[in-house]
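One-letter residues, chain by chain:
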Amino acid sequence: MKAMILAAGFGRRMRPLTEHTPKPLLKAGGRPLIVHHLERLRRAGITEVVINVSHLAEQLIAALGDGETYGIHIHWSREASPLETAGGIRRALPLLGEAPFVLINGDVWCDLEPTRLTLASGDLAQLVMVDNPLQHREGDFHLDAHNRLHTEGIPKLTYAGLALIDPALVAHLTDGKPCRLAPLLTEAIQQNRIGGYHYRGDWDDIGTPDRLARFDARLSR
């Protein structure tokens, strides 16, 4: 199994910290955010990792290299300008191959073992869902008793920024054209082709300076 870490964005929510430093290289607990992901993937036995880059790309590439330091092999997917999430995945498909892969947002923390995720027959994705954080009380999707996701229904949970993705979800997109992931997920959910996994362990969205500071303090204790 391979993994893809999304790291091409401008990090606008994290400004001013990201004006001169790419968001994945911001530190928490003494290590860059992206290194926490790489180490967790390696412990899970996932050693082929694709990282998409655009904003301040050369800093990321210089810092992580080919991944040998972390016991993995990094494949870099370059974007002249950010292609949004789905567009970035589409650009990276030649590096990811045809098998389902783990997708990770660069600005989340989660201690989930990624190899727990599985795709049901005919599904295009399994999304990790978490209880709604304070900053997103309304949630995203409803998860039923059969672990199927729905756009309607109560209660709703929040997409954790981790998923198992079948490349077919984005294979029809035009390479190089920006495209968001959310509309594709919504369409596939309405076709009953997306499963969910309710994770109740340690998860945090660390996409703003305040949240990063709190997370850093927690890890540094």
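Residue numbers here run from 1 along each chain, matching the order of that chain's written sequence. Owing to the predicted nature of the model, reporting of local features is limited to residues with pLDDT of at least 70; listing and counting of side-chain atom pairs is limited to 80 or more, with chain, interface and lining totals taken over all residues. Side-chain metrics rest on all non-hydrogen atoms present in the structure, leaving aside hydrogens and water.

Draft legend 1. Spotlight on the overall build of the chain. Scanning the chain from terminus to terminus reveals 5 helices and 13 strands. In terms of principal-axis extent, the alpha carbons of the chain reach across some 45 × 40 × 30 Å. Counting every position in the chain, which comprises 221 residues, the buried fraction comes to 52%. Computed by Shrake-Rupley with a 1.4 Å probe, the accessible areas treat only the displayed protein chains as cover when residues are assessed. Just so you have it, the chain exposes about 10,400 Å², and 49% of that area is on carbon and sulfur atoms. Residues scored as positive are Lys and Arg, those scored as negative are Asp and Glu, and His as well as the terminal groups of each chain are ignored. Where a charge lies is defined by one atom per residue type: Lys uses NZ, Arg uses CZ, Asp uses CG and Glu uses CD. Separation of charge centres in the chain, based on 25 positive and 26 negative side chains, amounts to 2 Å. Strands are runs of DSSP state E lasting at least two residues, helices are runs of H or I lasting at least four, and both sets are numbered from the N terminus onward. Here the term buried applies to any residue with accessible area under 20% of the maximum for its type, exposed to any over 50%, and partly exposed to those in between, with areas from a 1.4 Å probe on protein chains only.

Draft legend 2. Region of interest: helix 2 (residues 57-64). Buried within helix 2 are the following residues: Ala57, Leu60, Ile61 and Leu64. What you see down the axis of helix 2 is that its buried residues fit within an arc of 95°, all on one side. Just beyond helix 2, the residue with positive phi is Gly65, at close to 60°. The arc in question is the one spanned by the directions pointing from the helix axis to the C-beta atoms.

Draft legend 3. Structural detail: the packing of aromatic side chains. Think of it this way: a Phe, Tyr or Trp ring, Trp meaning its six-membered ring, pairs with another when their centres are within 6.5 Å, and the plane angle makes it stacked under 30 degrees, edge-to-face over 60, tilted otherwise. Summed over all chains, the structure comprises 1 aromatic pair. The interplanar angle of 55° and the centroid separation of 5.1 Å between the aromatic rings of Trp109 and Phe215 together place this pair among those described as tilted. Within this pair, whereas Trp109 is found in strand 7 (residues 108-110), its partner Phe215 is found in helix 5 (residues 209-220), the two being separated by 106 residues in sequence. Of the two residues examined, Trp109 and Phe215, each falls in the buried class. Ring-over charges, as used throughout, are those where CZ of Arg or NZ of Lys falls within 6 Å of the ring centre and within 35 degrees of the ring normal. Of note, Arg40 hangs over the ring of Trp109, and the distance from its end group to the ring centre comes to 4.7 Å.

Draft legend 4. Broad picture of unusual backbone geometry. Here the residue pair Ile154 and Pro155 is connected by a cis peptide bond, since its omega of 0° sits within 30 degrees of zero. If you trace the backbone, Pro155 turns up in the loop between strand 10 (149-150) and strand 11 (156-165). Positive phi is not limited to glycine here, since Leu56 has a value of about 55°. Within the secondary structure layout, Leu56 lies in the loop between strand 4 (48-53) and helix 2. On the accessibility criterion, Leu56 (26% relative accessible area) is partly exposed. A positive phi angle is found at Asn147, which is not glycine, with a value near 60°. Turning to its location among the elements, Asn147 is positioned in the loop between strand 9 (141-143) and strand 10.

No statement about biological role is implied by the geometric values presented.
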